[in-house]
Amino acid sequence: MTATTTAPLAATTARTVKRPPARLRAWATRAPLLPALVFMIAVTQLPFVATLVISFFDWNALYPKARHFTGLDNYRQVLTDTDLRHSVWTTVLLTVAVVLASLVLGLVLALLLDRRFRGRGIVRTLLIAPFLVVPVAAALLWKHVLYNPEYGLLNGLLHYVGGPQPDWISHTPLLAVEASLVWQWTPFMMLILLAGLQSRDQQQIEAARVDGASDWQIFRHLTLPHLRRYLELGALLGSIYIVQNFDAVFTITSGGLGTANLPYTVYQSFYQAHENGLASAAGVLVVIGSIIIATFALRVVSSLFREEVSRA
């Protein structure tokens, strides 16, 4: 048999071997992920759907037989009730203050850690430690170790220098909550910004130094524009968490003295007033706000990945 006859025979044999359909191959590839997908839907999406349904009912747990459909009345009450509106404003104020302060402090610490000095690894580990503390434990630490008017560290230092002995939580309740959250979230911002600093083009910075640019000019015209995406990412991820924060408010002030944010109000409506419908409506609004912020965060992350790929 010659080579000219074997070639068509081989082609015919290859055509007779049937490959599985593309749809079947796609399902075979995705099949191992189906259990995780089913678990995620059962754990996250079904409870949210149930919460969404309950939010359209006037449903008090103490009077289960009196529940009835009310449409958007619960949402209208959440947006018009004075206490609930105040909790929304408190949530916004708490989020903005904590995120901005954490970003500024995180940027300062990242700039310091970007320099080489002896013991930098130890200092970096110590600065990361607050972010690794359990949120409730961190709030208890600030409430009893620092803020306590009788044996707290802050009043102890003031007593040593002859200063006043204020009750920090009573006099500045919202600031007390903000300080504990800033302490815990500054390391997170520092890590993000430090990663941005270490991804700078060093040749560009060296060229600017050769041209006579000062450290401030390099920071203003080169470093800060490069860190813009990282600042946005830190702000968005921090906002997602602070909007939903419950631990610090519950532990330090128990929602009193004007510090009740929206998650604490949801807890108060559900567990204390037993208003399931009203609490569900407020919870849905929190989820919608978090989804909006998370969408922007994902866009920033995607743009960062695209920039790194194009640079590589």
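About the criteria used
Residues numbered from 1 in each chain as written. Predicted model: local features only at pLDDT ≥ 70, side-chain atom pairs only at ≥ 80, totals over all residues. Heavy atoms only, no water. UniProt positions renumbered as here; feature names shortened; annotations may be inferred. Helix = DSSP H or I, 4+ residues; strand = E, 2+ residues; numbered from the N terminus. pLDDT = per-residue confidence, 0-100. Domains from an automatic or database assignment. Contact = heavy atoms within 4.5 Å. Buried area = accessible area lost by both parts, 1.4 Å probe. Salt bridge = Lys/Arg side-chain N within 4 Å of Asp/Glu carboxyl O. Polar contact = N/O pair within 3.5 Å; in protein donor to acceptor, adjacent residues only side chain to side chain. Nonpolar A, V, L, I, M, F, W, Y, C, P; charged D, E, K, R; others polar. Buried < 20%, exposed > 50% of the residue type's maximum accessible area, 1.4 Å probe, protein only. Phe/Tyr/Trp six-rings, centres within 6.5 Å; stacked < 30°, edge-to-face > 60°.

In the annotation of an unreviewed UniProt entry, the entry for the protein chain reads Sugar ABC transporter permease, and the organism field reads Streptomyces alanosinicus. The UniProt entry for the protein chain carries the following comment under Sequence similarities (unreviewed entry): "Belongs to the binding-protein-dependent transport system permease family."

Focus: the UniProt feature "transmembrane region" (unreviewed entry) in the protein chain
Mapped onto this structure's residue numbering, the UniProt feature "transmembrane region" (unreviewed entry) falls at residues 33-57, 88-113, 125-145, 174-197, 230-257 and 277-301. Helix makes up 90% of residues 125-145 and strand 0%, and the two end C-alpha atoms of the span are 22 Å apart. For residues 174-197, the end-to-end C-alpha separation is 33 Å, with 100% helix and 0% strand making up the annotated structure.

Re the confidence of the model for the protein chain
Within the protein chain, residue pLDDT values average 81, and 90% of them lie at 70 or more. The element-level mean pLDDT for the protein chain is lowest in helix α1 (residues 3-16), coming to 51, with helix α10 (residues 173-198) highest at 90.

Let's talk about the domain arrangement of the protein chain
Interface extent is often summarised as the accessible area lost during association of the parts. On domain assignment, one finds that the protein chain holds domain 1 (1-54) and domain 2 (70-311). Domain 1 puts 4 residues into the contact, and the matching count from domain 2 is 7 residues. Contact with domain 2 buries area across many residues of domain 1, yet Phe48, Thr51 and Ile54 alone supply 82% of it, more than any other trio. On the surface where domain 1 and domain 2 come into contact, there are 0 salt bridges. If you look at where domain 1 meets domain 2, you find 0 residue pairs in polar contact (both at pLDDT 80 or more). Partitioned by chemical class, the residues of the side of domain 1 that touches domain 2 number 3 nonpolar, 1 polar and no charged.

A closer look at unusual backbone geometry
You will see that Ser254, though not glycine, has its phi angle at about 55°, which is positive. With respect to the helices, strands and loops of the structure, Ser254 is situated in the loop between α14 (247-253) and α15 (262-272). Residue Leu257 is not a glycine yet carries a positive backbone phi of 60°. In this fold, Leu257 is placed in the loop between α14 and α15.

Things to note about the environment of Asp215
In this fold, Asp215 is placed in helix α12 (residues 215-226). Overall, Asp215 belongs to the partly exposed group, its relative accessible area being 47%.

Some remarks on the packing of aromatic side chains
In total, this model carries 16 aromatic pairs according to the counting rule given. Centre to centre, the rings of Phe57 and Phe69 are 5.7 Å apart; their planes meet at 80°, and the pair counts as edge-to-face. Of this pair, Phe57 sits in strand β1 (residues 57-58) while Phe69 sits in strand β2 (residues 68-69), and the two are 12 residues apart along the sequence. In this structure Phe57 comes out as partly exposed when scored by relative accessible area, which is 26%. Here Trp142 and Tyr147 contribute two aromatic rings whose centre-to-centre distance is 5.5 Å and whose plane-to-plane angle is 55°, an arrangement assigned as tilted. The class of Tyr147 is buried, set by a relative accessible area of 4%. Taken together, the ring pairs in this structure connect Phe56, Phe57, Phe69 and Tyr75 into an aromatic cluster.

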